[in-house]
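# Chain and residue survey
Listed below are the residues making up each chain.
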Amino acid sequence: MTADIAVIGSITTDLVTYGRRRPASGETLAADDFAIGQGGKGANQAVAAARLGSKVLMLGRVGDDAFGRANRTALDAAGVDTRHVTVTPGCSSGVASIFVDAEGENAISIVAGANGRVAPADIDAAANELARCRLILLQLEIPLDTVRHALAFGRRHAIPTILNPAPAVDRLDPALIALADIVAPNEGELALLTGLPTQTDTEIEAAARHLVESGAKVVVVTLGARGALEVGRNGSRPVAPVAVRAVDTTGAGDAFIGALAHFRIAGLDDTQALARACAYAACSVTRRGAQSAYPTRDDFGRFLSSQ
Ligand code: RIB
């Protein structure tokens, strides 16, 4: 299968606790519920695009353990091509401890495990398949050298790239950012990337513009329940939110990016693709978990008709 979209990134098991509020430091607090789910920003974006109907290739690593085997089974079940998901012996699979509060907001701590071993050589080993893709998605849960290598690969082969600079990195090298065609941070990540405040809409637009002036072609800032903002060299445009009652926002940004990639590849223009991606992310927060919350193309169609 020739993939439309290649995702080079993390594959993680999410250990999710649901409770009223996060425990304070030193406090023991009874929570309400627990679930084990499939996550990792890379795998989440791959599954979102695949559920919508794109042909997706995933490049990443898992450990030689039960979590890694379950990760691969879940990707296969979503129709993602896992031929370039390799097993790293002597290393755990990636794990995320997630706390979701009563408002559906989350706090996440991650152990990279095998995700930290994804290497530039893995990209070289998959070069033939990658060179046939139409879009490459990247995040920052794998080593930065590998992200840089993948962005340079995209540039050399004229394959557009979307960089989701998450989790946030303080003042990421502007030369790396400039290699991406679209940079898609949330407000917090944008603040760390630029060193600028992002408390108000004006500040967010100014910080995104700063990224564009430092070399990014297009910046798409995800704003959660407030939609998104696209800033490019020719101006900026807000993307209206879709109002829903959020039960769990985990992986909503990944749903947005996977859907944005899918709808761009499907031929929608920029405005339509951004609006659809916002709606897909909104739909995802109405259910628990990351990948477990991502609708299929049919479910998403029903969600859109109900709006
Ligand atoms: O973006 C959400 C994801 O971040 C979770 O699925 C978790 O695995 C962490 O990587």
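Residues numbered from 1 in each chain as written. Predicted model: local features only at pLDDT ≥ 70, side-chain atom pairs only at ≥ 80, totals over all residues. Heavy atoms only, no water.

### Brief notes about the overall build of the protein
Counting secondary structure elements, the protein contains 11 helices and 13 strands. Against the globule reference of 19 Å for 307 residues, the protein gives a C-alpha radius of gyration of 18 Å, in line with a compact fold. Across its three principal directions, the C-alpha atoms of the protein cover 50 × 45 × 40 Å. Each of the 307 residues in the protein was classed as buried or not, and the buried ones make up 50%. A fraction of 67% describes how many contacts in the protein between residues 6 or more apart in sequence connect residues 24 or more apart. Accessible area for the protein stands at about 12900 Å²; split by element, carbon and sulfur atoms hold 52% of it. Charge centroids of the protein, computed over 29 positive and 33 negative side chains, lie 4 Å from each other. (Helix = DSSP H or I, 4+ residues; strand = E, 2+ residues; numbered from the N terminus. Rg over C-alpha atoms; globule rule 2.2 N^0.38 Å. Buried < 20%, exposed > 50% of the residue type's maximum accessible area, 1.4 Å probe, protein only. Contact = heavy atoms within 4.5 Å. Areas by Shrake-Rupley, 256 points an atom, 1.4 Å probe, with all protein chains shown as cover. Lys, Arg positive; Asp, Glu negative; His and termini not counted. Charge placed at Lys NZ, Arg CZ, Asp CG, Glu CD.)

### Remarks on the layout of surface pockets
Of the voids in this model, the largest pocket is the one considered here, and its volume is about 1100 Å³. Lining the largest pocket are 46 residues, and of these Asn-106, Asn-186, Thr-249, Ala-252 and Gly-253 sit closest to its centre. Elements represented by at least two residues in the lining of the largest pocket include exactly β2 (12-18), α1 (41-51), β6 (94-100), β7 (106-111), α7 (187-194), α9 (252-265) and α10 (270-284). The dominant element in the lining of the largest pocket, judged by the number of residues it contributes, is α9, at 5 residues. Here the residues of the lining of the largest pocket sort into 25 nonpolar, 14 polar and 7 charged. (1 Å grid on protein atoms, 1.4 Å probe; cavity = no way out; pocket = protein on both sides within 12 Å on 5 of 7 lines; lining within 4 Å. Points joined across faces, edges and corners; volume = space filled by probe spheres on them. Nonpolar A, V, L, I, M, F, W, Y, C, P; charged D, E, K, R; others polar.)

### Brief notes about the sheet that holds strand β8 (residues 135-138)
Read across the open sheet, the 9 strands follow the order β5-β4-β1-β8-β9-β10-β11-β12-β13; overall the sheet is mixed. Looking at strand neighbours, the two that pair on one side only are β5 (81-88) and β13 (235-239), the edges of this open sheet. Strand direction decides the pairing type here: strand β1 (residues 5-8) and β8, joined by 4 bridges, are parallel. Across the sheet, the residue bridging to Ile-5 is Leu-135, located in β8. (Pairing = 2+ DSSP bridges.)

### Considerations on the site of the ligand
Thr-12, Asp-14, Gly-39, Gly-40, Lys-41, Asn-44, Ala-96, Ile-108, Glu-141, Gly-251, Asp-254 and Ala-290 make up every residue found near the ligand. A distance of 2.7 Å is found between an oxygen atom of the ligand and a side-chain nitrogen or oxygen belonging to Asp-254. Judged by the proximity of its atoms to the pocket grid, the ligand belongs to the largest pocket. Within the residue set of the shell around the ligand, elements represented by two or more residues are β2 and α1. Among the residues forming the shell around the ligand, the class breakdown is 3 nonpolar, 5 polar and 4 charged. (Near = heavy atom within 4 Å. Polar contact = N/O pair within 3.5 Å; in protein donor to acceptor, adjacent residues only side chain to side chain. Sits in = over half its atoms within 2 Å of the grid points.)

### What about the pairing of β2?
With respect to burial, β2 is a largely interior element, 5 of its 7 residues being buried. Sheet topology note: the β2/strand β3 (residues 33-39) ladder contains 7 bridges and is antiparallel. Across the sheet, the residue bridging to Thr-17 is Phe-34, located in β3. Bridge count for β2 against β6 is 7 bridges, and the pairing is parallel.

### Structural notes on unusual backbone geometry
That bond from Ala-166 to Pro-167 is cis: its omega, 0°, falls within 30 degrees of zero. With respect to the secondary-structure elements, Pro-167 resides in the loop between β9 (161-163) and α6 (174-177). A positive phi is found at Arg-171, a non-glycine position, where the angle reads about 45°. Take Arg-171: it is sitting in the loop between β9 and α6. Residue Arg-171 is classed as exposed on the basis of its relative accessible area of 56%.

### Notes on the environment of Leu-229
Checked against the element boundaries, Leu-229 lands in strand β12 (residues 228-232). Its relative accessible area of 10% is what places Leu-229 among the buried residues. Here the alpha-carbon distance between Leu-229 and Leu-163, two residues 66 residues apart in the chain, equals 16 Å. Residues contacting Leu-229, with those up to four places away along its chain left out, are Ile-204, Glu-205, Val-219, Val-220, Val-221, Leu-223, Ser-236, Arg-237 and Pro-238.

### Examining the environment of Cys-91
Looking at the secondary structure, you find Cys-91 in the loop between β5 and β6. Considering only alpha carbons, one finds Cys-91 and Thr-12, 79 residues apart in sequence, at a separation of 13 Å.

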